[in-house]
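Survey of secondary and tertiary structure
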Amino acid sequence: MSQAQIERVELDQLTCWRVHLGDAELLIAQQGAQVLHYQRAGQPPLIWLSEQAGYQHGQSVRGGVPVCWPWFGDLQRNPAALQAQHGNPATAPAHGGVRGLDWQLQGIDNLGDAVELLFSFDSRQHALPDWPHAAELQLRIRLDQRLQLQLTSRNLGDQPLALSQALHSYFAVSDIRQVSVEGLDGCRYIETLEDWQQRTQQGALSFAGETDRIYLDVPPRVTLHDTGWQRRIHLEAQDSRSAVLWNPWIDKAQRLSHFADDAWQRMLCIETANVWDDCVELAPGASHSLTLSLWGEPA
Ligand SMILES: O=P(O)(O)OC[C@H]1O[C@H](O)[C@H](O)[C@@H](O)[C@@H]1O
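Residues numbered from 1 in each chain as written. Predicted model: local features only at pLDDT ≥ 70, side-chain atom pairs only at ≥ 80, totals over all residues.

Ile-28, Ile-47, Phe-171, Tyr-215, Met-267 and Ile-270 are the most contacted members of the largest nonpolar core, which totals 82 residues. Excluding residues within four positions of it along the chain, Ile-47 makes contact with Val-35, His-37, Tyr-38, Gly-64, Val-65, Ser-169, Tyr-170, Phe-171 and Ala-172. (Core = buried A, V, L, I, M, F, W, Y, C linked by C-beta atoms within 7 Å. Buried ≥ 20, exposed ≤ 12 C-beta atoms within 10 Å, placed from the backbone. Contact = placed C-beta atoms within 7 Å.)

Okay, structure coming up:
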């Protein structure tokens with residue numbers, strides 16, 4: 001395989017990196033270290049990017065793989081230890097804020113049959129409002145036959161640090177009504193749309209309405225089976241035992257920013273996470289890495 005080709009491109013206000021390696025194309029925004037696009041020749045995209053996406057400073061791009069950190073979702077739904085670290089949980093932005101901030105590009109390693117990009121965010125250099133803690137976050141993005149994302153948090157303070165987080169992947173699907181998610185059978189889940197009740201998944205998960213669930217005790221491999229495109233996308237995770245499954249369906253789609261009214265049909269979020277009773281607690285000096293590897297195959 002020839003070496004990767006890497007070019008810097010500007011999309012409206014955002015600096016991005018476009019990578020070609022073999023039959024793969026990857027696009028990453030430096031803001032938020034957000035993967036925006038991932039596709040292999042001859043296949044539909046694996047990752048969905050909204051056709052109405054905006055590329056503006058301070059705003060997460062709709063689609064791709066936003067990084068949610070140092071908390072996931074509404075801080076007030078997070079464990080007390082996370083809320084206690086924040087000066088004003090009621091005003092805390094959803095998903096923690098680093099998705100809309102500029103990260104540093106630490107380096108690009110062109111390894112021949114693989115390419116790696118390393119991005120970092122340091123809260124000592126870029127303080128998060130009402131979150132007075134010293135921590136470093138890195139996202140290592142490796143492209144080879146698969147796409148691998150490794151999110152590493154390091155506690156640089158002198159007190160324990162509690163975190164929740166997710167790689168909020170938006171997958172591209174032929175039609176949400178023609179897909180199912182395998183690997184969740186028997187898992188506990190929190191049904192956030194029914195008073196956050198705890199339930200148990202029976203069989204594969206398919207979709208017939210708005211879905212917003214936190215799955216727990218998730219096994220290392222989960223598979224998105226798309227009968228419309230005759231494709232399986234495998235997600236293999238390390239050091240994550242929770243996942244958020246989300247599709248807004250018809251009504252919520254109309255309230256979302258940068259999201260076409262009918263786009264719910266073409267996407268599904270499977271968010272590889274550390275949330276709920278799977279949050280991370282870091283002793284001073286300690287670090288934690290969540291790793292997600294994904295690839296498609298004909299099905
Ligand atoms: O609109 P955003 O802040 O990007 O959040 C998008 C979605 O993220 C997660 O999947 C949550 O579980 C959803 O409740 C939320 O609507």
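The subject of this paragraph is the pairing of strand β17 (residues 221–226). Taking every second residue as pointing to the same face, the buried face of β17 carries Val-222, Leu-224 and Asp-226, while none of Arg-221, Thr-223 and His-225 on the other face is buried. Inspection of the sheet shows strand β12 (residues 179–182) paired to β17 by four bridges, in the antiparallel sense. Along β17, the bridge assignment pairs Val-181 with Leu-224. Across six bridges, β17 lies against strand β18 (residues 231–238) in antiparallel orientation. Bridge pairing in β18 places Val-222 opposite Leu-235. The antiparallel hairpin formed by β17 and β18 contains four residues in its connecting segment, where Gln-230 sits at a positive phi of about 50°. (Helix = DSSP H or I, 4+ residues; strand = E, 2+ residues; numbered from the N terminus. Pairing = 2+ DSSP bridges.)

The omega torsion across Trp-69 and Pro-70 is 5°, close enough to zero to call that bond cis. Inspection of the secondary structure puts Pro-70 in the loop between β5 (67–68) and α1 (80–84). With a phi angle near 45°, Asp-12 is a residue other than glycine that sits in the positive phi range. Positionally, Asp-12 belongs in the loop between β1 (5–11) and β2 (14–21). A positive phi angle, close to 70°, is found at His-95, a residue other than glycine. Turning to its location among the elements, His-95 is positioned in the loop between α1 and β6 (104–110). A count of 24 C-beta atoms within 10 Å places His-95 in the buried class.

What follows deals with the site of the ligand. Taken together, Ser-60, Gly-73, Ala-94, His-95, Asp-212, Val-244, Trp-246, Leu-256, Cys-269 and Glu-271 are the residues near the ligand. For the shell around the ligand, the elements supplying multiple residues, two or more each, are β19 (242–247) and β20 (267–274). Residues belonging to the shell around the ligand are distributed by class as follows: five nonpolar, three polar and two charged. (Near = placed C-beta within 6 Å. Nonpolar A, V, L, I, M, F, W, Y, C, P; charged D, E, K, R; others polar.)

Overall, antiparallel pairing links the seven strands, which are arranged β5-β11-β20-β19-β16-β13-β14 in an open sheet. In the strand order of this sheet, the two ends are held by β5 and β14 (197–200), each with one partner. Relative to strand β16 (residues 211–216), strand β13 (residues 188–191) is paired through three bridges, and the arrangement is antiparallel. Counted as the bridge partner of Glu-191 is Arg-213 from β16.

Once that is clear, we can look at the environment of Phe-259. Here Phe-259 is to be found in the loop between α2 (249–255) and β20. Phe-259 gets classed as buried once you count the C-beta atoms within 10 Å, which come to 20. In the structure, Phe-259 is positioned 92 residues away from Leu-167 in sequence and 19 Å away in space, judged by C-alpha atoms. The residues contacting Phe-259, other than those within four sequence positions of it, are Ser-50, Gln-52, Arg-62 and Ala-253.

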